[in-house]
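Coordinate analysis (summary)
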Amino acid sequence: MVTDSILSITDDFFRLGSQPFPIFLYCAGNGDAVLLEGSVTVSGVMCIEQLQSLGIEPSAVSRLLITHSHGDHVFGAVPLRDTYPELEIMGSARAQEKMADLKLMSMFRDVDDQSTELLKQAGIVESRHVYARDESPLVSVDTVIAEGDRVELGPDDFFEVHFAPGHSDCSLSFYHPSKKLLVISDAAGTPLTACNRWWNLYFDGYAQVLETVDRLSRFDADVLCPGHMSVIQGRDAVQAFWDDARQALAKCHQHIIDSFRTGRTRREIAEAMGLGVYEGYPYTPLKFIQKTCSMLTRRSLEYEEIEY
Ligand SMILES: [Fe+2]
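Now for a quick tour of the structure. These numbers come from a predicted model, not from an experiment.

What counts and how
Residues numbered from 1 in each chain as written. Predicted model: local features only at pLDDT ≥ 70, side-chain atom pairs only at ≥ 80, totals over all residues. Pairing = 2+ DSSP bridges. Helix = DSSP H or I, 4+ residues; strand = E, 2+ residues; numbered from the N terminus. Axes fitted to C-alpha atoms, helices over the stretch in contact; angles between N-to-C directions. Parallel < 35°, antiparallel > 145°, perpendicular 65-115°, else oblique. Left-handed = near helix turned anticlockwise from the far one by under 90°. Contact = placed C-beta atoms within 7 Å. Nonpolar A, V, L, I, M, F, W, Y, C, P; charged D, E, K, R; others polar.

**Comments concerning the sheet that holds strand β10 (residues 172–176)**
Reading across the sheet, the six strands line up as β8-β9-β10-β11-β14-β15 and stay open at both edges, with mixed pairing between neighbours. Where the open sheet ends on each side, the last strands, each with one partner, are β8 (150–154) and β15 (232–233). Bridge count between β10 and strand β11 (residues 181–185): three bridges; the pairing is antiparallel. Bridging from a neighbouring strand, Tyr175 pairs with Leu182 of β11.

**A word on the packing of helix α7 (residues 266–280) against helix α8 (residues 286–303)**
Packed helices, taken two at a time, are described by the angle their axes make and the gap between the axes. Contact geometry for α7 and α8: axes closest at 8 Å, N-to-C directions at 130 degrees. Taken together, the axis directions place α7 and α8 in an arrangement best described as oblique. In terms of crossing hand, the pair formed by α7 and α8 is right-handed. The segment α7 lies against α8, with Arg266, Arg267, Ile269, Ala270, Glu271, Met273, Gly274, Val277 and Tyr278 engaging Leu286, Ile289, Gln290, Cys293, Ser294 and Thr297. When its residues are assigned to classes, the contact of α7 with α8 shows eight nonpolar, four polar and three charged.

**As for the environment of Ile232**
Mapped onto the fold, Ile232 is located in strand β15. The spatial distance from the C-alpha of Ile232 to the C-alpha of Leu80 is 26 Å, given a sequence separation of 152 residues. Those residues within four positions of Ile232 in sequence are excluded, and the remaining contacts are Leu224, Ala237, Val238 and Phe241.

Listed below in structure tokens is the structure:
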């Protein structure tokens, strides 16, 4: 049984896909249906079903905004692109470049396959959501967008594009000023309420994520969408999210530094951290989560200029 489905956030903004790997739908005033986040393959298939159940005309599904090139934010674009041939896939120049890297994307697609299995085990997706693989793992970005651009949808109806480095060097966030919607994906980390902890995600740089958090937290947002699990609703909740994000970043960073100084290896630190994350987020393979935690240890040690 599919345990989670469409979440109506406002009357024109919805969470589709699955809760662990969402795709957001914005129904613009001009009739366009804009998707934000590429997600995993199975979420792309779920999204097609959900768009149909919402009565969205296929011709209205016009744009998919990619937040960054990581596999769990990209592969849902494959079934979506196959179903909506007019779909314009938009992302940063760096994401376009990375999404054309065969070795990188092949590795990400193996993880995508494993996530499919984990989601099936958790009862979140069914066999019918499993999509026949393309031979090539590459997904192309049709249109490059960058800091300062706007995705125009009508009068006073647009998403601003913001560069949001630190998680990845290709990360974008999207902000709709009049609707006060902010889609940040993995830019600040992911709260995991099931285990009362955060999955910290400063894979590309600790200082950069701190700057990104400072910058994005100044946006006036009523709805904030991280890349996994939760949707933050209400101004106060959004501000609390930013406070929590800062605390979680500082705590994770300090834990790594203290652990390293007491003689634990990077590997030991990363494996233990990864186990904690997997407890609250068993939808990405444990080994891959631990690999990402190893990147955190590197970034924290670099930030403190500690040799490792
Ligand atoms: Fe990511």
